[in-house]
Amino acid sequence: MFSKILIANRGEIAVRIIKTCRRMGIATVVVYSEADADSMAVELADESVFIGGAPASESYLVADKIVAACRETGAEAVHPGFGFLSENAGFARRLAAEGIVFIGPNPEAIEAMGDKIESKKFAARADVSVVPGHVGEIDDTAHALKIAGEIGYPVMIKASAGGGGKGIRVAWKPQDVEEGFPAVRAEAKASFGDDRIFIEKFIESPRHIEIQVLGDKHGHVVHLFERECSIQRRNQKVIEEAPSPLLDAATRAAMGAQAVALAQAVNYDSAGTVEFVAGQDKSFYFLEMNTRLQVEHPVTELITGVDLVEQMIRSAAGEPLAFQQADLAINGWAIESRIYAEDPYRGFLPSIGRLSRYLPPQEGQVGAAIVRNDAGVREGDEISMFYDPMISKLSTWAPDRLAAIDAMGRALEDFHIEGPGHNIPFLAAVMDQERFRSGALSTNYIKDEFPEGFGGAEPTSFQADLLAAVACAMHRKITARSAPQLVRDEWIVIIGPDQRRVKLSNGGEAFGVTFDDGRALSLTDVRWLPGQPLFRGVLDGTSFTVAVKPAPEGFVIRHRAASAKVLVLTPRSAELHRKLPPKQAADTSKLILSPMPGLVVTLDVVPGQAVRAGQAVAVVEAMKMQNIIRAERDGLVKTVGAKPGDSVAADEVLVEFA
């Protein structure tokens, strides 16, 4: 076994690998860029080596620097995590030439599965179900039209070297091929340096189901069942679970057998994932193979009890698998939510900044459930524009699916972040949706359920009661501390257009709450002090956590996806409040604002220039995404507020019209 491993990655996956290495008694080295000098991974590792600037092209993607770090520290092996060099066959060969072990599959397997066209040919030869399509070279648009007509619409046009949602178009008719084929080819050339394209049948209302495989260097391969990854946005996964609510035992066994057959065909000798697209009728077709550890591996670990990082290390060290297929079984259900630094209320645009508060839920056994949070950040850390926007991966396990979903919803309530925008309210909304709870999933789920984007959720009747009760309880606690002579038992509570009379009795850690319709509820086990961002308690037997912050005459309170400003007023104040004129929004019609924090790549207008509606005026980049900013109206440029290379905040003025 290795005595020292270098981790050629950053963030939560670096921390995740360190934890397993510690348990195995293996020393760790992490490499880090300028942006990660004070990271949790650097703090936890036994040694660390600086390898360059914040852009990955200057640090994590430079193989020479990784090799030099191994030489400097005496690391015998490299775990690449995911992303960066994890699926780079050339890097694996380079390490082997240097006498350093690559903790991942052999380079030949990486190459065989890394090319989407070649991998489909390989899968077909291994009798793996493949999507009907054309997997050879496509000459031009006319050739693409002929192939699409033979396959039958709709078809998917995909870059052979694609990944991360890039280089993909769905064509529903010939015109879509005429427009889409050259666009995909150009995007593939620009993004991957490889303009080869293939076309395959597009499965309508598809599901994304993947099989986790594990192999050793002695010819043994097993599968660890499936993960359902259908909840996606822009072809990137958001919520995953294991097992899949779609599969029955026979389909699961068939998919597992095909995944193992493919892995054996390429002499696979590490952890990897065979991805399938599945129809609602349980038909399934090979999509691609990821020759690395997957982001969503925790849900598989939770239902099988197998540490996949440990198994990768043992396989790389030449140990045979310590179990066979018959030894593996599914235990319970697990859900993973990806906590992203993004603003769901602004079309999920990336958000960056310092984590001024970072309060994750308690990990470990919680009732009958288990909560796990894979993170590489702490309070005070910076979410950088240079890397992936993921803050952490929150996973829950329970004996059955609904219990796992309920545990996730409750854990999301307990997760509090301030600083950058985050998607916790959106994830909580999904957990509460009846369609998700029923298991009726597809890769179109987010597009179907949130066609206008995400704007939060209206409070349910329970949440309206909860917001009113919490607001009155907080108001009473604050008043009792600052002006006890003003403590009252009765208040008018206004939430949006609705107002109600609320009466509190008793106090301290328990309140009786009576509403003007005669209903009486109990608010007990209150855990909150003025200044704290989370209010915990039990309302009529239901345990809850809400995020709270003070606002004029009340509070802003969020429970899951429902957020509202709650006013707590005396009857006279409420009467006067109704007479106030509505506040007018500021006029920003002459301004073009940056929709997100990021780096200005280009700013394409100058003072005095005439601009037409829809014209691109700037490009702002954050977290590997480039966003084109367009004018919403015609105008004459008065001032330009930034220049290429500037860092800008959300809502910062880029252009002002005269």
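Our structure's up above, just so we're on the same page.
Residues numbered from 1 in each chain as written. Predicted model: local features only at pLDDT ≥ 70, side-chain atom pairs only at ≥ 80, totals over all residues. Heavy atoms only, no water.

Student: Break down the overall build of the protein for me, with residues and values.
Tutor: Secondary structure summary: the protein contains 17 helices and 40 strands in total. For 658 residues, the compact-globule estimate of 2.2 N^0.38 gives 26 Å, and the protein sits close to it at 27 Å. Projected onto the principal axes, the alpha-carbon positions of the protein cover approximately 80 × 65 × 55 Å. When burial is assessed residue by residue, the protein has 55% of its 658 residues classed as buried. Of the contacts made within the protein by residues no fewer than 6 positions apart, 64% connect residues no fewer than 24 positions apart. Accessible surface, the protein: about 26,900 Å² in total, of which carbon and sulfur atoms supply 51%. One finds the centroid of the 70 positive side-chain charges in the protein at a distance of 4 Å from the centroid of its 87 negative side-chain charges. (Helix = DSSP H or I, 4+ residues; strand = E, 2+ residues; numbered from the N terminus. Rg over C-alpha atoms; globule rule 2.2 N^0.38 Å. Buried < 20%, exposed > 50% of the residue type's maximum accessible area, 1.4 Å probe, protein only. Contact = heavy atoms within 4.5 Å. Areas by Shrake-Rupley, 256 points an atom, 1.4 Å probe, with all protein chains shown as cover. Lys, Arg positive; Asp, Glu negative; His and termini not counted. Charge placed at Lys NZ, Arg CZ, Asp CG, Glu CD.)

Student: Please give an account of the side chain of Arg372 that cites residues and values.
Tutor: Take Arg372: it is sitting in strand 21 (residues 369-375). At 2.7 Å, the side chain of Arg372 and the side chain of Asp374 are in polar contact. Apart from residues lying up to four places away in sequence, Arg372 is in contact with Arg16, His297, Pro298, Glu301, Glu363, Lys393, Leu394 and Ser395. (Polar contact = N/O pair within 3.5 Å; in protein donor to acceptor, adjacent residues only side chain to side chain.)

Student: Explain the nonpolar core to me, using residue names and the numbers behind them.
Tutor: Ile5, Leu6, Val31, Ile66, Val78, Phe91 and Ile313 are the most contacted members of the largest nonpolar core, which totals 63 residues. In this structure, Ile313 is in contact with Met1, Phe2, Ile5, Thr20, Cys21, Met24, Ile26 and Ile103, ignoring residues within four places of it in sequence. Listed in part, the 40 residues of the second largest apolar core include Ala404, Met408, Phe426 and Tyr445. (Core = buried A, V, L, I, M, F, W, Y, C linked by side-chain atoms within 4.5 Å.)

Student: Go over a negative patch on the surface, please, and point to the residues and values.
Tutor: On the surface, Glu137, Asp139, Asp140 and Asp195 cluster together into a negatively charged patch. In this fold, Asp195 is placed in the loop between helix 8 (174-192) and strand 9 (197-201). (Patch = residues over 30% accessible without salt bridge, like charges linked within 9 Å, V, L, I, M, F, W, Y side chains within 5 Å. Salt bridge = Lys/Arg side-chain N within 4 Å of Asp/Glu carboxyl O.)

Student: Break down the pattern of salt bridges for me, citing the residues and quoting the values.
Tutor: Any two side chains of opposite charge can pair, given that their charged atoms come close. As enumerated under the stated definition, the model contains 57 salt bridges in all. We note a salt bridge from Glu47 to Lys4, for which the minimum N-O separation is 2.5 Å. Placement of the pair is Glu47 in strand 3 (residues 47-52) and Lys4 in strand 1 (residues 4-7), with a sequence separation of 43 residues. The exposure class of Lys4 is buried, given its relative accessible area of 17%. As a salt-bridge pair, Asp307 and Arg16 come within 2.9 Å of each other at their nearest N and O atoms. Here Asp307 is found in the loop between helix 10 (297-304) and helix 11 (308-316), whereas its partner Arg16 is found in helix 1 (residues 11-24), with 291 residues between them in sequence. Taken as a pair, Asp307 and Arg16 share a single burial class, namely buried. Salt bridges sharing partners connect three or more residues here, namely Arg16, Arg23, Glu301, Asp307, Glu310, Arg314, Glu319, Arg372 and Asp374.

Student: Explain the sheet that holds strand 25 (residues 490-495) residue by residue, including any values.
Tutor: Strands sit in the order 25-26-27-28-29-30-31-32 around a closed barrel of eight strands; the barrel is antiparallel. Within the sheet, the average angular offset between the axes of one strand and its neighbour, ignoring direction, is 35 degrees. Across four bridges, strand 27 (residues 510-515) lies against strand 28 (residues 520-527) in antiparallel orientation. Bridging from a neighbouring strand, Phe511 pairs with Leu523 of strand 28. Together, strand 29 (534-539), strand 30 (542-551) and strand 31 (554-559) form the strand contacts of helix 12 (residues 401-413), whose direction differs from that of strand 30 by roughly 25 degrees. (Pairing = 2+ DSSP bridges. Axes fitted to C-alpha atoms, helices over the stretch in contact; angles between N-to-C directions.)

Student: Describe in detail the packing of aromatic side chains, supporting the description with residues and values.
Tutor: By the definition in use, this model includes 16 aromatic pairs. Here the aromatic rings of Tyr345 and Phe454 are separated by 5.3 Å at their centres, their planes lie at 45 degrees, and the arrangement is tilted. On the criterion of sequence distance, the pair formed by Tyr345 in the loop between strand 16 (342-343) and strand 17 (349-350) and Phe454 in the loop between helix 15 (445-449) and helix 16 (461-482) is long-range, its members being 109 residues apart. You can call Phe454 buried: its relative accessible area is 6%. When the centroid spacing of 6.0 Å and the interplanar angle of 65 degrees are considered together, the rings of Phe450 and Phe454 count as edge-to-face. Overall, Phe450 belongs to the buried group, its relative accessible area being 12%. Taken together through their ring pairs, the aromatic side chains of Tyr345, Phe348, Phe426, Phe450 and Phe454 make up a single cluster. (Phe/Tyr/Trp six-rings, centres within 6.5 Å; stacked < 30°, edge-to-face > 60°.)

Student: Just give me the short version of the environment of Ala37, but keep the residues and values in it.
Tutor: The topology assignment puts Ala37 in the loop between strand 2 (27-33) and helix 2 (40-44). Looking at Ala37, the relative accessible area reads 33%, which means it is partly exposed. Along the chain, Ala37 and Val49 lie 12 residues apart, while their C-alpha atoms are 9.5 Å from each other. Every residue in contact with Ala37, bar those within four places of it in the chain, is listed here: Tyr32 and Val42.

Student: Can you explain the environment of Ala92? Please cite residues and give values.
Tutor: Tracing the sequence through the fold places Ala92 in helix 4 (residues 89-97). If we ignore the near neighbours within four places in the chain, the residues touching Ala92 are Phe102, Pro107 and Ile110.

Student: How would you explain the sheet that holds strand 12 (residues 236-242) if you had to name every residue and give the values?
Tutor: In space, the nine strands of this open sheet follow the order 14-13-10-11-12-15-23-21-20, with antiparallel pairing throughout. The open sheet is flanked by strand 14 (284-290) and strand 20 (364-366), the only strands paired with a single partner. Adjacent strand axes in the sheet meet at a mean angle of 30 degrees when their direction is disregarded. Across six bridges, the pairing between strand 21 and strand 23 (residues 390-398) is antiparallel. If you follow Asn373 over to strand 23, its bridge partner there is Leu394. Along the sheet, helix 13 (residues 424-432) makes contact with strand 12 and strand 15 (333-340), crossing strand 15 at roughly 150 degrees.

Student: Explain the pairing of strand 1 residue by residue, including any values.
Tutor: Neither face of strand 1 is left uncovered, since the one carrying Lys4 and Leu6 and the one carrying Ile5 and Ile7 both have all their residues buried. In this sheet, strand 2 lies alongside strand 1 in parallel orientation, the contact comprising four bridges. Pairing of Ile7 across the sheet is with Val30, part of strand 2. Each parallel crossover has a hand, and the one from strand 1 via helix 1 to strand 2 is right-handed. Direction of pairing for strand 1 relative to strand 4 (residues 77-79): parallel, over a ladder of three bridges. Note on strand 4: the bridge partner recorded for Ile7 is His79. (Right-handed = clockwise from strand over helix to strand, strands pointing away.)

Student: Got a sec to walk through unusual backbone geometry? Specific residues and values, please.
Tutor: Following Tyr153, the chain continues into Pro154 via a peptide bond in cis, with omega recorded as 0 degrees. Mapping Pro154 onto the fold places it in the loop between helix 7 (141-151) and strand 7 (155-159). The backbone of Asp525 shows a phi angle near 50 degrees, a positive value even though the residue is not glycine. Tracing the backbone through its elements, the reader meets Asp525 in strand 28. Asp525 sits in the partly exposed class, given a relative accessible area of 48%. With a phi close to 50 degrees, Asp540 is a non-glycine residue in the positive phi region.

Student: Residues and numbers for the layout of surface pockets, please.
Tutor: Here the second largest pocket defines a volume of roughly 890 Å³. Val556, Ile557, Arg558, Ser563 and Ala564 are the residues nearest the centre of the second largest pocket, which is lined by 33 residues in total. Among the elements of the structure, strand 24 (416-418), strand 26 (498-507), strand 30, strand 31 and strand 32 (562-569) are those that each provide at least two residues to the lining of the second largest pocket. Partitioning the lining of the second largest pocket into residue classes produces 17 nonpolar, nine polar and seven charged. (1 Å grid on protein atoms, 1.4 Å probe; cavity = no way out; pocket = protein on both sides within 12 Å on 5 of 7 lines; lining within 4 Å. Points joined across faces, edges and corners; volume = space filled by probe spheres on them. Nonpolar A, V, L, I, M, F, W, Y, C, P; charged D, E, K, R; others polar.)

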